Amino acid sequence: MGIIDATIIYVKQQLEGAEAGHDWFHIERVYRNALHIADQENCKREVVQLAALLHDIADSKFHGGDESIGPKTARTFLESQHTDAATIDHVVKIIENISFKGGKTERTFSSLELDIVQDADRLDAIGAIGIARTFNYGGYKNRPMYDPAIAPNINMTKEEYKASNAPTINHFYEKLLLLKDRMNTPAGRKLAEERHRFMEVFLAQFYAEWEGAK
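Residues numbered from 1 in each chain as written. Predicted model: local features only at pLDDT ≥ 70, side-chain atom pairs only at ≥ 80, totals over all residues. Heavy atoms only, no water.

A. Focus on the packing of aromatic side chains. Counted under the stated rule, the structure contains 11 aromatic pairs. Their ring planes at 50 degrees and their centres at 6.1 Å tell us that phenylalanine 135 and phenylalanine 172 sit as a pair that is tilted. On the criterion of sequence distance, the pair formed by phenylalanine 135 in helix H7 (residues 127-140) and phenylalanine 172 in helix H9 (residues 168-174) is long-range, its members being 37 residues apart. Classification of phenylalanine 172 as buried rests on a relative accessible area of 0%. Between phenylalanine 206 and tryptophan 210, the ring centres sit 5.7 Å apart and the planes meet at 25 degrees, which makes this aromatic pair stacked. Of this pair, phenylalanine 206 and tryptophan 210 both sit in helix H10 (residues 186-210), 4 residues apart, roughly one helical turn. Here the aromatic cluster, defined as three or more aromatic residues joined through ring pairs, consists of Phe135, Tyr146, Phe172, Phe202, Phe206, Tyr207 and Trp210. (Phe/Tyr/Trp six-rings, centres within 6.5 Å; stacked < 30°, edge-to-face > 60°. Helix = DSSP H or I, 4+ residues; strand = E, 2+ residues; numbered from the N terminus. Buried < 20%, exposed > 50% of the residue type's maximum accessible area, 1.4 Å probe, protein only.)

B. Looking closely at unusual backbone geometry. The backbone phi angle of histidine 82 is positive, close to 60 degrees, even though this residue is not glycine. Of note, histidine 82 is situated in the loop between helix H4 (69-80) and helix H5 (85-97). The phi torsion at asparagine 142 lies on the positive side, around 60 degrees, for a residue other than glycine. Locating asparagine 142 in the fold gives a position in the loop between H7 and helix H8 (158-163).

C. Structural context of the packing of helix H2 (residues 24-38) against helix H3 (residues 45-54). Their axes nearest at 8 Å, the elements H2 and H3 cross at an angle of 160 degrees. When the axis of H2 is compared with that of H3, the two are roughly antiparallel. In terms of crossing hand, the pair formed by H2 and H3 is right-handed. Contact with H2, carried on its side by Trp24, Ile27, Val30, Tyr31, Ala34, Leu35 and Ala38, involves Arg45, Val48, Gln49, Ala52 and Leu53 of H3 and no other residues of that element. Among the residues forming the contact of H2 with H3, the class breakdown is 10 nonpolar, 1 polar and 1 charged. (Axes fitted to C-alpha atoms, helices over the stretch in contact; angles between N-to-C directions. Parallel < 35°, antiparallel > 145°, perpendicular 65-115°, else oblique. Left-handed = near helix turned anticlockwise from the far one by under 90°. Contact = heavy atoms within 4.5 Å. Nonpolar A, V, L, I, M, F, W, Y, C, P; charged D, E, K, R; others polar.)

D. Region of the structure containing the pattern of salt bridges. Counted by the stated rule, this structure contains 7 salt bridges. Close ionic contact of aspartate 124 with arginine 133 constitutes a salt bridge, the shortest N to O distance being 3.6 Å. The residue glutamate 193 makes a salt bridge to arginine 197 at a minimum N-O spacing of 3.9 Å. One end of the pair, glutamate 193, and the other, arginine 197, are both in helix H10, 4 residues apart, so they sit about a helical turn from each other. Exposure remark for glutamate 193: the relative accessible area of 34% places this residue in the partly exposed category. When salt bridges that share partners are traced, they join Arg29, Asp124 and Arg133 into one network. (Salt bridge = Lys/Arg side-chain N within 4 Å of Asp/Glu carboxyl O.)

Interpretation in functional terms is not warranted from these geometric data alone.
Below you can see the structure in the form of structure tokens.
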């Protein structure tokens, strides 16, 4: 069995029963997005595949905020598969640097492969799927959908972002609507445009219905 097939089996097992916005189906969508973008770039395809599959293997949100557990889990798995050291290091660095974290954290590593997987992950955070994931996670955390008295905080520090319990609608302004202009690749930017517009239409309809206008 090849490393990609083995990784798919491993990730499916590890994420069985995970919160719906961060489950195997999220990984599968990110994987497909990453392959679509990779097809248009001269990149290390296997690194992209492995990083896309393992990028949320142990998301810090579900492990007490521990940002080290995901990279460690990925490294342990890849070492068990006798993956070469350079590939392991590259994949782990991608996992360490892929997260949004309030948008205030500078990446400590750069590569085309990171750009691709980050775009693929961000695409799954916007558009129709992004809206569904956002409200699913808000419900999971028992957050209000919307509170007009609580304004979005678009200048949060990494720590504030991680600790936020703000209404779900605020997350659109604190992250989702910012992603279109932070895409790394031409293909990622093109796909993000349509998904961004869809979110704008959704928000306009949401506020109209909230006020009883429609």
